[in-house]
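# Coordinates in review
One-letter residues, chain by chain:
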Amino acid sequence: MIEIEYHKMRSAQLIHEAEQVRLAREVARARRAARREGSAGHDGAAAESHTDRRRRPRIPRTA
């Protein structure tokens, strides 16, 4: 009998954790969508960048 109760508790815990993960994923998706809508008036890469400087070109290292 104890095993059945343990199984029920563990099952409920896993369902709860899965629901929390699903909710977090949904919130992140909504935030990304809101960010995309907010930056729709700007040009893409520059709007997401915090600075106007471009990245330095990388020079391959010599062996």
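Look above for the structure.
Treat the numbers as computed from the prediction; the structure is a model and nothing was measured.

Secondary structure assignment for the chain yields two helices and zero strands. Each of the 63 residues in the chain was classed as buried or not, and the buried ones make up 2%.

This part takes up the layout of surface pockets. Counted as a void, the largest pocket has a volume near 160 Å³. Lining of the largest pocket is provided by Arg55, Arg56, Pro57, Arg58, Ile59 and Arg61. Considering only residue class, the lining of the largest pocket consists of two nonpolar, no polar and four charged.

This part is about a positive patch on the surface. On the surface, Arg22, Arg25, Arg29, Arg32, Arg35 and Arg36 cluster together into a positively charged patch. By the element assignment, Arg29 lies in helix H1 (residues 2-38).

Definitions and cut-offs
Residues numbered from 1 in each chain as written. Predicted model: local features only at pLDDT ≥ 70, side-chain atom pairs only at ≥ 80, totals over all residues. Heavy atoms only, no water. Helix = DSSP H or I, 4+ residues; strand = E, 2+ residues; numbered from the N terminus. Buried < 20%, exposed > 50% of the residue type's maximum accessible area, 1.4 Å probe, protein only. 1 Å grid on protein atoms, 1.4 Å probe; cavity = no way out; pocket = protein on both sides within 12 Å on 5 of 7 lines; lining within 4 Å. Points joined across faces, edges and corners; volume = space filled by probe spheres on them. Nonpolar A, V, L, I, M, F, W, Y, C, P; charged D, E, K, R; others polar. Patch = residues over 30% accessible without salt bridge, like charges linked within 9 Å, V, L, I, M, F, W, Y side chains within 5 Å. Areas by Shrake-Rupley, 256 points an atom, 1.4 Å probe, with all protein chains shown as cover. Salt bridge = Lys/Arg side-chain N within 4 Å of Asp/Glu carboxyl O. Lys, Arg positive; Asp, Glu negative; His and termini not counted. Charge placed at Lys NZ, Arg CZ, Asp CG, Glu CD.

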